[in-house]
Amino acid sequence: MTQANAILGLLAQTSIHAGTGSNTGVIDLPIQREGHNGYPCIFGSSMKGALRTRAEAQYGKDNNSVKFVFGPDTNNASDHAGAIMVSDARLLLLPIRSLTSQFKWVTCPAVLQRYQNDAERFGQKTEFGDITEKLTESKALISMQAKAGNLFLEEYRFTATQYDLGKIIIALAKLMGTADAETALQEQLVIVSNDMFAHLCQHATPVNAHIAIDSETKTVRSGALWYEETLPPETLLYVGLSAASVRKPKTEKGDLPKDESAQWVLNAVTGLFTNKPWLQVGGNETVGMGWCAVKALGVNNANHPTTTGSVCP
């Protein structure tokens, strides 16, 4: 089967709460995490739902092409599958408080290697080069443009060693899509050990207390206190997209778009961000949470759906 692939870079502009529901632990509303390593993530089902919501808002909920790309609604799910595969949004850079500067973008060799593998799988081969420097819990790598010496992340002190991170910075900047991304990464990118990154992922994400106000007395409602975890602004994640040709029972081919190719399906999704490169994901939209800047890599703009003003040509 012919497929078309792309990667979306998601740079958080506000806090993100993609939650798992209530919890009996200290944090009442935790964020979604990968089960085997504890890294924050946004599940593929949440990402696909956010993309579909954006498509319905932009092109109309009744646009048939939304159904061809994302699949029928729940009541008609058995008719046929959608033609787009959406991966989990995986963490690439986590912003961490620092006494050395306003914050640092922190990652680790395992995360970078995984991105390389994912990028190759989605047709976007990336060469970072090997990190041969041995990292310990108290040692970190910074770019050649940053200042070496003591580095403080949260309550931890590291010895920051300059290292050639040029290829890594160029690749990450492409996902961020901002004009000054490379310059910012040269100053703020930090690579720590795999174990230390896993620890920061568990203990350095913001947890905010919330209360409910009684509408009559305008005081705090008894027992209405809960703690909510979020991903902070400036977090960088990435999502893989893989498109197949349009799926539809042959007896109903009459209302299909003129182009049924995998590339058309992929462009129907990436084209959502041509003029408005933002996406809202997760909960708490009404209080301004979940907004990300989107940058698409690996897009073929030929015959792009946005040139006709709708998903369906």
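Look above for the structure.
Residues numbered from 1 in each chain as written. Predicted model: local features only at pLDDT ≥ 70, side-chain atom pairs only at ≥ 80, totals over all residues. Heavy atoms only, no water.

Draft legend 1. Broad picture of the packing of aromatic side chains. On inspection of all chains with the given rule, the structure shows four aromatic pairs. When the centroid spacing of 5.4 Å and the interplanar angle of 75° are considered together, the rings of Y39 and F197 count as edge-to-face. Placement of the pair is Y39 in the loop between β1 (4-12) and β2 (41-42) and F197 in helix α6 (residues 194-203), with a sequence separation of 158 residues. Both residues of the pair, Y39 and F197, belong to the buried class. When the ring of F103 is compared with that of W105, the centres are 5.2 Å apart and the planes differ by 90°; the resulting orientation is edge-to-face. For the pair shown, F103 and W105 are each scored as buried. (Phe/Tyr/Trp six-rings, centres within 6.5 Å; stacked < 30°, edge-to-face > 60°. Helix = DSSP H or I, 4+ residues; strand = E, 2+ residues; numbered from the N terminus. Buried < 20%, exposed > 50% of the residue type's maximum accessible area, 1.4 Å probe, protein only.)

Draft legend 2. Molecular detail of the pattern of salt bridges. On inspection of all chains with the given rule, the structure shows seven salt bridges. A salt bridge links R52 to E56; its shortest N-O distance comes to 3.2 Å. One end of the pair, R52, and the other, E56, are both in helix α1 (residues 44-59), four residues apart, so they sit about a helical turn from each other. One salt bridge connects R90 with D118, and the closest N-O pair in it is separated by 2.7 Å. Taken as a pair, R90 in strand β4 (residues 89-97) and D118 in helix α3 (residues 109-121) lie far apart in primary sequence, 28 residues in all. For R90, a relative accessible area of 23% gives the class partly exposed. What makes D118 buried here is its relative accessible area of 7%. (Salt bridge = Lys/Arg side-chain N within 4 Å of Asp/Glu carboxyl O.)

Draft legend 3. Fine view of helix α7 (residues 262-270). For α7, the tally of buried residues reaches eight of nine residues, placing the bulk of the element in the interior. Listed in full, the buried residues belonging to α7 are A262, W264, V265, L266, N267, A268, V269 and T270. Buried residues along α7 sit against β1, α1, α2 (64-70), β3 (84-86), β12 (236-243) and β14 (291-297). (Contact = heavy atoms within 4.5 Å.)

Draft legend 4. Up close: the pairing of strand β5 (residues 103-107). Of all five residues in β5, five are buried, a share of seventy percent or more. Neither face of β5 is left uncovered, since the one carrying F103, W105 and T107 and the one carrying K104 and V106 both have all their residues buried. Strand direction decides the pairing type here: β4 and β5, joined by four bridges, are antiparallel. The residue bridging P95 from the neighbouring strand is W105, located in β5. What sits between β4 and β5 in their antiparallel hairpin is a turn of five residues. (Pairing = 2+ DSSP bridges.)

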